[in-house]
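Tertiary structure, described
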Amino acid sequence: METVDKVVKWLIKDWFKVQEDIALHENKLFWLVVLAPLFFITWLSWRLTEELITKGLYNPHVSAESLAGFVSYYAFPIALLTVPLTLAVMINRFHSSKQKAKSNRLVEQNNTANNFFNHYKYFCDHCEAIRQRYSKGVLVLKPEVLYKKLFIHSSINNLNAELNLDFIQHYFNELLPIGQSFQNHSNQFHDIIFQQVRDDLEPLEIHIFVEPFIYRLDFSGLSYRTSIEQESHFSSQLDQYYDILYALICFNGVSNYHEVCEYTNKMYAILRADCIDD
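In short, a report on the structure. (Residues numbered from 1 in each chain as written. Predicted model: local features only at pLDDT ≥ 70, side-chain atom pairs only at ≥ 80, totals over all residues. Heavy atoms only, no water.)

Time to look at the overall build of the protein. Counting its secondary structure elements, the protein contains 10 helices and four strands. Here the protein holds 278 residues, and 32% of them are scored as buried. Counting contacts in the protein only where the partners sit at least 6 residues apart, residues at least 24 apart contribute 61% of the total. With an accessible surface of roughly 18,200 Å², the protein has 56% of that area assigned to carbon and sulfur atoms. (Helix = DSSP H or I, 4+ residues; strand = E, 2+ residues; numbered from the N terminus. Buried < 20%, exposed > 50% of the residue type's maximum accessible area, 1.4 Å probe, protein only. Contact = heavy atoms within 4.5 Å. Areas by Shrake-Rupley, 256 points an atom, 1.4 Å probe, with all protein chains shown as cover.)

Next up, the structure:
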């Protein structure tokens, strides 16, 4: 049974299938539909000729009478000659149609791949523009990692510019411990100095740290180093984290931009409430 299945598959694959990857004359089906009818027509003509010879009706001489007899006796085999021609034209059309369909698929795949690489290239340029706004070493962006995290459904075969909301959620989740870390640092290294602004005014009370508060966010291709020397700067530093993320999602290649912005603002409000308002 297995042998029969292999033979059937071989026949279907090699003999009864139009293969667009090879030339028409290399398709076995093309020669099958041409030669099989021709073989039958040749056999039929030979049998008719034998019968005509046996009955003494075969006249090979060129004359009006012999030509009329030839047309009369061989009308059916002659009519059958249109069959291989018709079948050959059909196979040619099928072959051309499959080649065109494959060509269209390749063009579509090529366009999709080009769009993907252009999208990725523009994102890399976008990340570089953001990085240049900060001092060297303060902000590190890895576009090859960020792109895969932000556009998880995008690939070379299917460009999808929808930004992943889970990235934003995880980003702020990574920042949640900063509130407790800052509070612990403040309790340990908090100090107050008085700065004289004017002689007729009371000295200005400034809350500083004996040692600066240093916090490093390292998350999915994004690394940012925080250094705070005054307690009042913590709020603005949180805003800085928000600004970095907001700059990333302001990429023109994001298709769900409004949804992403709304979600980012919501998550940032939760972060501030946890780190400051409490």
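Still to come is the rest of the account.
What follows concerns the packing of aromatic side chains. Scanning the entire structure with this criterion turns up 21 aromatic pairs. Their ring planes at 40° and their centres at 5.2 Å tell us that Phe 167 and Phe 219 sit as a pair that is tilted. Pair noted here: Phe 167 is in helix H7 (residues 165–175) and Phe 219 is in strand S3 (residues 204–219), with a separation of 52 residues, a long-range link. Accessibility expressed as a relative area gives 3% for Phe 167, which makes it buried. In textbook terms, an aromatic cluster arises when at least three aromatic residues are bridged by ring pairs, as seen for Phe 116, Phe 117, Tyr 120, Phe 123, Tyr 147, Phe 151 and Phe 251. (Phe/Tyr/Trp six-rings, centres within 6.5 Å; stacked < 30°, edge-to-face > 60°.)

The next point concerns the nonpolar core. Side chains that are nonpolar tend, in soluble globular proteins, to be buried together. In this structure, Phe 123, Leu 146, Tyr 171, Phe 172 and Leu 222 are the most contacted members of the largest nonpolar core, which totals 44 residues. Per-element accounting of this core gives the leading share, nine residues, to helix H9 (residues 233–249). Phe 172 has contacts with Leu 245, Thr 264, Met 267, Tyr 268 and Leu 271, leaving out every residue within four places of it along the chain. Counting eight residues, the second-largest nonpolar core is a separate cluster that includes Leu 29, Phe 30, Val 34 and Ala 88. (Core = buried A, V, L, I, M, F, W, Y, C linked by side-chain atoms within 4.5 Å.)

With that settled, consider the environment of Leu 248. As for its position among the elements, Leu 248 is in helix H9. Take Leu 248: its relative accessible area is 1%, and that puts it in the buried class. Here the alpha-carbon distance between Leu 248 and His 126, two residues 122 residues apart in the chain, equals 7.7 Å. Here Leu 248 is in contact with Phe 123, His 126, Cys 127, Ile 130, Leu 146 and Leu 222, once residues within four sequence places are set aside.

With that settled, consider helix H5 (residues 82–131). In a regular helix each residue adds 1.5 Å, so 50 residues correspond to 74 Å; H5 covers 73 Å between its end C-alpha atoms and thus fits that length. If you follow the buried residues of H5, they end up packed against helix H2 (28–54), helix H4 (75–80), strand S1 (139–141), helix H6 (143–150) and H9. (Expected span 1.5 Å × (residues − 1).)

Let us look at H7. Burial in H7 covers these residues: Phe 167, Ile 168, Tyr 171, Phe 172 and Leu 175. Viewed along the axis of H7, the buried residues span an arc of 125°, placing them on a single side of the element. Put simply, Asn 164 is the residue that caps the front of H7, since its side-chain oxygen is 3.2 Å from the backbone nitrogen of Asp 166. (Arc of directions from axis to C-beta. Polar contact = N/O pair within 3.5 Å; in protein donor to acceptor, adjacent residues only side chain to side chain.)

Okay, the packing of H7 against H9 next. Relative to each other, H7 and H9 sit at 165°, their axes nearing to 12 Å. As far as their axial angle goes, H9 and H7 are roughly antiparallel. For the element pair H7 and H9, the recorded crossing hand is right-handed. For the pair H7 and H9, the contacting residues are Phe 167, Ile 168, Tyr 171, Phe 172 and Leu 175 in the first and Tyr 241, Ile 244, Leu 245 and Ile 249 in the second. (Axes fitted to C-alpha atoms, helices over the stretch in contact; angles between N-to-C directions. Parallel < 35°, antiparallel > 145°, perpendicular 65-115°, else oblique. Left-handed = near helix turned anticlockwise from the far one by under 90°.)

Evaluation of the coordinates by the stated rule reveals four salt bridges. Salt-bridge contacts for Lys 121 lead to Asp 125; the nearest nitrogen and oxygen are separated by 3.4 Å. Of this pair, Lys 121 and Asp 125 both sit in helix H5, four residues apart, which is roughly one turn of that helix. Relative accessible area serves as the criterion here: at 46%, Lys 121 is assigned to the partly exposed category. (Salt bridge = Lys/Arg side-chain N within 4 Å of Asp/Glu carboxyl O.)

Here we come to the state of the cysteines. For the structure on display, the rule yields zero disulfides. Cys 127 carries a free sulfur, and the closest cysteine sulfur to it, the one in Cys 124, is 6.5 Å from it. Residue classification places Cys 127 among the buried residues on the basis of a relative accessible area of 2%. (Disulfide = S-S within 2.5 Å.)

Fair warning: the whole summary comes from geometry, so function is off the table for now.
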